[in-house]
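# Architecture at a glance
The residues making up each chain are set out below.
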Amino acid sequence: MQEKLSNRINNLATSQTLAMAAKARELRAEGKDIIGLSLGEPDFNTPDFIKDAAIQAINDNYNSYSPVDGYVELKDAIITKFKRDNNLTYTHPQIVVSTGAKQSLANVALAMLNAGDEVILPCPYWVSYAEIVKLAEGVPVEVPTTLESNFKMTPEQLEAAITPKTKMLWYSSPCNPSGMVYTKEELRALADVLVKHPDIIIVSDEIYEHINYIGAHASMAEFEDMYDRTVTVNGVAKAFAMTGWRIGYIGAPAWIARACNKLQGQVTSGANCIAQRAVITALEAPVSKINYMIDTFKSRRKLIIDLLNDIEGFETTEPEGAFYVFPNISHYFGKTIKGHTINNATDFSMFLLEEALVATVTGDAFGNPECIRISYAASEEQIEEALKRIKSVLTE
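Read on for a plain summary of the structure. No experiment lies behind these values; they were computed from the predicted model shown.

Counting secondary structure elements, the protein chain contains 14 helices and 14 strands. Considering only C-alpha atoms, the protein chain reaches an extent of 60 × 55 × 50 Å along its principal axes. Entry remark: accessible area of the protein chain is about 16700 Å², with carbon and sulfur atoms responsible for 50%.

Structure follows, in C-alpha cells:
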C-alpha cells in the first residue's frame, strides 16, 4: 500500500529521537531495564504556580476556540518577555502562538519556501530541521562543523554555503544537540556575511535560551540590520518543563507572521486555550523561579562529562547550554564488540541500547555521523548507572 501514499510522506524520515524512544518502550515492555537518555525532555514536573494558572483557567471556563495566532494577553506576555530577556521590541501583529515550537518552525517553512529553495543548516542541527525543510519542498544545505570548532559555523563557512538559491538560514542557540551557544560577537560575524545577501531570512531557534551556563544569551534579531529579516522562535517546553503543553511562538517581521497565521488558520487554528492561559503566568514570572532546574542541569552536566572522560574513545566538549552532550565516538568505527560490528554512529547507538540497555540517539539524525547525543535530563542515579553500563560493555 506504500505506493498509495504521497511522495511527500514516503520521502519523509521518521524522527530518530521519537523512534529511539519507541524502541526503548518496546524493550521495557519485554521486561528489560532500559535507561532512557534519548528524549529532549526535562524530568521535572511543571512548576505548581503554572499548574495553578491552568486550573484557574478551567474554573474560569476557558473552553472555546482561541484566536488563531494566540490570546492578546499571551501576546502581551510574549512581547514583555522578548523586551525583558532579549532586548527585542515586537508588536501584536508580529507574534504567532502555535502548538509547540515545532509547529512554529513548520509554519515558517511552509509559508516561505518554494520548491528548490535552499536552507543552510549548520551541523549538527535539531533532528527535525532537515525534514521540515524537505516537507516544504526546500533543499537542506548542511554545513559541517567539528568538535574542535565547538560545533559552530564560521563566517567563512556561511559565505561558502550561500548560492543564488539560498532562501534561509536556520540554527539553534543553545544548540540541540551539541549544547554550544553562539556569543553576540559570533552572531555579529555571521550577520556581517548576511548583510551582503539581503534576501536571506534567518530562523533563530532559542527554545533552550534559559538553560544557559555561560551567563549570556544573544539573539540575531538584536542587530538592527538583521531585525527585519529574522524569525525568533521560542516556547516554554524546555525551561519550564512544559513539553506536553505544546505552546511555541515566534516574533517575526509582520509579513511573515501574517503568512504563518494564514497557514495555521487552515491547519490547526489556535493552540490549546488552557495551555495558553497557563503560559501567560509562566512568561510573566521572573526567570529566577525556574533557576532550580537550571542549577540541577548544570550539576548533571559536570557529572556526565566526568564520567564520559573516564571512558576510552569518547571525545566531548563542555556544553554551554541545553541538557545534552554530543561526544564523538568514531574511535569505535570498524570495531566488533560483543558480536556487533560498529560501522557508524547508528550502529553504536543501537549497540548501546541492546547491550548496555541505554537509549541514546545517533548523530546521523542531527547531520553528524561521528557523534551520538546523550541527554542528561535524568537523575544523577540514572546517569551514573547508564555510564557505568556503557563503560562496562565497551571494556568487555
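Here we come to the packing of aromatic side chains. Here the structure, examined in full by the defined rule, presents 19 aromatic pairs. Relative to F326, the ring of F151 has its centre 5.5 Å away and its plane inclined at 75°; by these criteria the two rings are edge-to-face. In this pair, F151 is assigned in the loop between β4 (139-143) and α7 (155-161) and F326 in the loop between β9 (324-325) and β10 (335-337), connecting sequence segments 175 residues apart. Accessibility classification places F151 together with F326 in one group, the buried group. An aromatic cluster of at least three residues, connected via ring pairs, comprises F44, Y208, Y292, F297, F323 and Y324. One cation-aromatic arrangement involves R188 over F223; the distance from NZ or CZ to the ring centre is 4.8 Å. Over the face of the ring belonging to Y71 we find R277, whose NZ or CZ atom lies 4.9 Å from the ring centre.

This part covers the packing of helix α3 (residues 48-59) against helix α11 (residues 273-284). In contact at an axis separation of 8 Å, α3 and α11 are set at 140° when each is read in the N-to-C sense. Relative to α11, the element α3 lies oblique. As α3 packs across α11, the resulting crossing turns out to be right-handed. Contact with α3, carried on its side by F49, I50, A53, A54, A57 and I58, involves I274, R277, A278, T281 and A282 of α11 and no other residues of that element. Residues of the contact of α3 with α11, tallied by class, amount to 9 nonpolar, 1 polar and 1 charged.

Glancing now at the nonpolar core. One broad trend across soluble globular proteins is that nonpolar side chains are buried collectively. Within the largest apolar cluster, 134 residues are counted, with the highest numbers of intra-cluster contacts made by W170, M220, F314 and L394. For this core, the element with the highest residue contribution is α11, accounting for 8 residues. Leaving out residues up to four positions away in the same chain, L394 has contacts with I311, F314, Y332, I337, F348 and F351.

Taken together, the 7 strands give an open sheet; going across it, the order is β2-β8-β7-β6-β5-β3-β4, and neighbouring strands pair in mixed fashion. Where the open sheet ends on each side, the last strands, each with one partner, are β2 (95-98) and β4. Mean inter-strand twist for the sheet, computed between neighbouring axes without regard to direction, equals 20°. With 4 bridges connecting them, β2 and strand β8 (residues 248-251) associate as antiparallel partners. Note on β8: the bridge partner recorded for I95 is G251.

Calculation criteria
- Residues numbered from 1 in each chain as written.
- Predicted model: local features only at pLDDT ≥ 70, side-chain atom pairs only at ≥ 80, totals over all residues.
- Heavy atoms only, no water.
- Helix = DSSP H or I, 4+ residues; strand = E, 2+ residues; numbered from the N terminus.
- Areas by Shrake-Rupley, 256 points an atom, 1.4 Å probe, with all protein chains shown as cover.
- Phe/Tyr/Trp six-rings, centres within 6.5 Å; stacked < 30°, edge-to-face > 60°.
- Buried < 20%, exposed > 50% of the residue type's maximum accessible area, 1.4 Å probe, protein only.
- Lys NZ or Arg CZ within 6 Å of the ring centre and 35° of its normal.
- Axes fitted to C-alpha atoms, helices over the stretch in contact; angles between N-to-C directions.
- Parallel < 35°, antiparallel > 145°, perpendicular 65-115°, else oblique.
- Left-handed = near helix turned anticlockwise from the far one by under 90°.
- Contact = heavy atoms within 4.5 Å.
- Nonpolar A, V, L, I, M, F, W, Y, C, P; charged D, E, K, R; others polar.
- Core = buried A, V, L, I, M, F, W, Y, C linked by side-chain atoms within 4.5 Å.
- Pairing = 2+ DSSP bridges.

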